[in-house]
Amino acid sequence: MTIAERYNAAAAKLLPHMAADLAVDPAISDANHIDEIVFRRSEYLGGMAVAILAMIDQQN
């Protein structure tokens, strides 16, 4: 499972009302790339993406 697949699943679970805004291509395999993509949409979403990625990292 790629980092993007894990990220998308976590975003949908934690923030179901914003999952579409936070979603990225599931083929992405770099957390920095996910952050860049979502941050370009808005700084607010980018902050959420960083928090979600940090939660995923702590689960490892």
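In this text the structure is predicted, and so the values were computed from the model without any measurement. (Residues numbered from 1 in each chain as written. Predicted model: local features only at pLDDT ≥ 70, side-chain atom pairs only at ≥ 80, totals over all residues. Heavy atoms only, no water.)

(A) The arrangement of the pattern of salt bridges in detail. Under the counting rule described, the total for this entry stands at one salt bridge. Here Arg40 and Glu36 are joined by a salt bridge, their closest N and O atoms 3.9 Å apart. Of the two residues, Arg40 and Glu36 both sit in helix α3 (residues 31-41), four residues apart, roughly one turn of that helix. For Glu36, a relative accessible area of 44% translates into the label partly exposed. (Salt bridge = Lys/Arg side-chain N within 4 Å of Asp/Glu carboxyl O. Helix = DSSP H or I, 4+ residues; strand = E, 2+ residues; numbered from the N terminus. Buried < 20%, exposed > 50% of the residue type's maximum accessible area, 1.4 Å probe, protein only.)

(B) Up close: the nonpolar core. Of all hydrophobic cores here, the largest spans 18 residues; its most connected members are Tyr7, Leu22, Val24, Ile34, Val38 and Ile52. Only α1 (3-14), α3 and α4 (43-59) provide two or more residues apiece to this core. Per element, the largest residue contribution to this core is six residues, and it comes from α4. (Core = buried A, V, L, I, M, F, W, Y, C linked by side-chain atoms within 4.5 Å.)

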